[in-house]
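Observations on chain architecture
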Amino acid sequence: MAVDSPLSSQLGPPACERDAKALHFIEETTSHADSVQDRVLTEILTRNSQTEYLTRFKLNGATDRETFKSKLPIITYEDLQPEIHRIANGDRSAILSAHPISEFLTSSGTSAGERKLMPTIKEELDRRRLLYSLLMPVMNLYVPGLERGKGLYFLFVKSETRTPGGLLARPVLTSYYKSDHFKTRPYDPYNVYTSPNEAILCPDSFQSMYAQMLCGLLQRQQVLRVGAVFASGLLRAIRFLQLNWRQLTQDIETGALNPKLTDTSLREYMDKILKPNPELAECVRHECSKDNWEGIIARIWQNTKYLDVIVTGAMAQYIPTLDYYSGGLPLACTMYASSECYFGLNLNPMCKPSQVSYTIMPNMAYFEFLPHEPDSFGFPCDSPPKLVDLVDVEVGKEYELVITTYAGLYRYRVGDILRVTGFHNSAPQFHFVSRKNVLLSIDSDKTDEAELQKAVENASRLLREFNTSVVEYTSYADTRTIPGHYVIYWELLGKDSANSPTDEVLKQCCLAMEESLNSVYRQGRVADSSIGPLEIRVVKNGTFEELMDYAISRGASINQYKVPRCVNFTPIMELLDSRVVSSHFSPASPHWTPERRR
């Protein structure tokens, strides 16, 4: 039953007393966004005043915004790499943070092909847990009765390693799932998962997925929401069901667990809950054996009220496929976060994906915003940009996010481009536009134009002995397959028609491109199976001239036209596909290892 609260005029009546406290916190924090930001910056600069980094810029203990902005530069990851390497190699002095760096959180790849290492401190787990604790109180405003069922969430840990200095380096979600904050979380009737910790924490991706899917099927009547972190992850789960439903139904029918599940703690848990259930097995078999899988989620988990997945940014490309498999269930995007920092939440989680806006929570870090000009490339050295404070951004304008964190990132450019859509109290709300300079993305991978160019150059060397070269190329992320994969269109120029590159050579070109892409991409291919083999489609000679003619017919200037290195406009893709003369896939997985080279 809803609890009476003065918050009803803003967010709505909370579902319970605990929700009331959470909603009150949101209202208080967003109503005093500027003073909260002032406090956050003061806390960060005070506690870290004696660090090497702040001492270098002669802050001299100052905590006011004016001094902070006048003395500290705006930086990127590359600027911070010397300090990162020192910490990674074992230097425990107060370089960036007065609090000890507890581990590194691995982010998307650098231009050198390595994952970024983001320093973090133990108390950041408290801030992440705080943001997580706000999600369900908001969702309960829109979807009543969630305490009467469970969530089928496909959650996984990924590979982790240690730096030469002994610090763990792992993805932010792996860090959270392995923490006591998650493993010993108190019971919350509004937030119960079908997947046990034993399955979520199992390092073997097949065994983890199998157990989570099996648990979800066994508890199908109790499932009220289905989700994963990213849309791509949920679609991988559906594909897994397509490939493994026969064995899963056999397990359910006989009560005997698949022998491929060898993890001891996982088997012990499953043996306790798995009992013969021929009726359930026949129900699942009936749905999965049909050729048409449209609406399969709603057909198997009939009580599902919504899907909880991120479908903003690059993940928007998966919306049609999700709609197909779910029968059009609502898509809820609940929070906005990264390895560097957790940022905010969606106060209207049941809105259409195209209307998703995230409210920045001003207690999470100190936020600044760099006005974004889509055609600009950096800024002149003698004219540093004027960054805008959180409460001073303007509706309708786009900005690049810049953060200062408790863990030791100061005026750090995250690379996310955001558009201001409005305010909740005095805290701005943002629509995620894109990652800066990212061309291709399937899952957590991010490939920019320079990296794609390098990959094409490396692969095209295999064509030299055939007197063949790549005249032009473009690309797109094909998400019609599960998992999605990169498609590269090549127009080739051959000087000897009797000695053209063979199918086998072009397959090796695919693999050479994959070997040239960063470790995040290669991990997705090798360890996570979240990305399919790269494909090269060779098009007829003259295809890219037709592409230019089409662009000019739509108003592009012939003097300024450049071949787009990534395409997603349907008519252009249809034109390219109509000119394909051959298609080739990578014949093997690229090299990847969790060990770091530094």
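What you see as residue numbers is a count from 1 along each chain, following the sequence as written. This being a predicted model, a pLDDT of at least 70 is required before a residue's local features are given, and a value of 80 or more before pairs of side-chain atoms are given or counted; all residues contribute to the totals for chains, interfaces and linings. Based on all heavy atoms of the structure, the side-chain values leave hydrogens and waters out of the count.

Here we look at the environment of Leu 575
For the purposes of this entry, the term helix denotes a DSSP run of H or I that reaches at least four residues, the term strand denotes a run of E that reaches at least two, and both are numbered from the N terminus. The residue Leu 575 is located in helix α20 (residues 570-578) in this model. With residues up to four places along the chain from it excluded, the contact list for Leu 575 reads Thr 543, Glu 546 and Tyr 550. In what follows, a contact means two residues having at least one pair of non-hydrogen atoms within 4.5 Å.

Examining the packing of aromatic side chains
We call Phe, Tyr and Trp rings a pair once their centres come within 6.5 Å, taking the six-membered ring for Trp, and we label the pair stacked below 30 degrees between planes, edge-to-face above 60, and tilted otherwise. For the coordinates displayed, the defined rule picks out 21 aromatic pairs. Both rings, one in Tyr 132 and one in Tyr 176, keep their centres 4.5 Å apart while their planes meet at 35°; by these two values the pair is tilted. Taken as a pair, Tyr 132 in helix α6 (residues 124-142) and Tyr 176 in helix α7 (residues 172-177) lie far apart in primary sequence, 44 residues in all. Connected via pairs of aromatic rings, a cluster forms that spans Tyr 132, Tyr 176, Tyr 177, Phe 182 and Tyr 342. In this analysis the charged atom, NZ for Lys or CZ for Arg, is taken to sit over a ring once it is within 6 Å of the ring centre and within 35 degrees of the ring normal. Between Arg 565 and the ring centre of Tyr 473, over which it is positioned, the NZ or CZ distance is 4.2 Å.

Some thoughts on the side chain of Ser 441
Topologically, Ser 441 is positioned in the loop between β17 (438-440) and β18 (447-448). Under this definition, polar contacts are N or O atom pairs within 3.5 Å; protein pairs additionally need one hydrogen-donor-capable and one acceptor-capable atom, and for neighbouring residues in sequence, both atoms have to be side-chain atoms. In this structure the side chain of Ser 441 is engaged in a polar contact, spanning 2.7 Å, whose partner is the backbone oxygen of Asp 445. Apart from the residues lying within four places of it in its own chain, the contact partners of Ser 441 are Ala 314, Gln 317, Ala 477 and Tyr 486.

Some details on the sheet that holds strand β22 (residues 580-585)
Backbone hydrogen bonds are what pair the strands of a sheet, in a parallel or an antiparallel way. In spatial order, the strands read β19-β20-β21-β22; together these 4 strands make up an open sheet with mixed pairing. One side of each edge strand has no neighbouring strand; the edge strands of this open sheet are β19 (468-478) and β22. Strand-to-strand twist in this sheet, taken as the mean axis angle between neighbours without regard to direction, amounts to 25°. Where β19 meets strand β20 (residues 485-494), 10 bridges bridge the pair, whose relative direction is antiparallel. From the neighbouring strand, Thr 468 faces β20, where its bridge partner is Gly 494. To get an axis, a line is fitted to the C-alpha atoms, and for a helix only the part in contact is used. The angle between two axes follows their N-to-C directions and goes from 0 to 180 degrees. Along the sheet, helix α16 (residues 449-460) contacts β19 and β20; its crossing angle with β19, the most-contacted strand, is approximately 135°. Strand pairing is defined by DSSP finding a minimum of two bridges between the two strands.

Some words on the domain arrangement of the protein
By domain assignment, the protein separates into domain 1 (17-122 + 340-376 + 384-435), domain 2 (147-154 + 172-304) and domain 3 (439-585). Computed over C-alpha atoms, the centres of domain 1 and domain 3 are 36 Å apart. In this entry, domain limits derive from an automatic or database-based domain assignment.

Regarding the pattern of salt bridges
Any carboxyl oxygen of Asp or Glu within 4 Å of a side-chain nitrogen of Lys or Arg constitutes a salt bridge here. According to the stated counting rule, one finds 38 salt bridges in the structure shown. In this structure, Glu 52 and Arg 86 form a salt bridge, with 2.6 Å as the shortest nitrogen-oxygen distance. Of this pair, Glu 52 sits in helix α3 (residues 52-56) while Arg 86 sits in helix α5 (residues 77-88), and the two are 34 residues apart along the sequence. Between buried and exposed lies partly exposed: a residue is buried under 20% and exposed over 50% of the maximum accessible area for its type, with that area taken using a 1.4 Å probe on protein chains only. According to the relative accessible area criterion, Glu 52 is partly exposed, its value standing at 30%. Of the charged contacts in the structure, one is a salt bridge between Arg 411 and Glu 368, with a shortest N-O distance of 2.8 Å. In this pair, Arg 411 sits in the loop between β14 (398-404) and β15 (412-424) while Glu 368 sits in strand β12 (residues 366-371), placing the two residues 43 residues apart along the sequence. Among the residues examined, Arg 411 registers a relative accessible area of 4% and is labelled buried. On the accessibility criterion, Glu 368 (0% relative accessible area) is buried. Within the structure, one salt-bridge network assembled from shared partners comprises Asp 34, Asp 38, Arg 65, Lys 69, Glu 368, Asp 389 and Arg 411.

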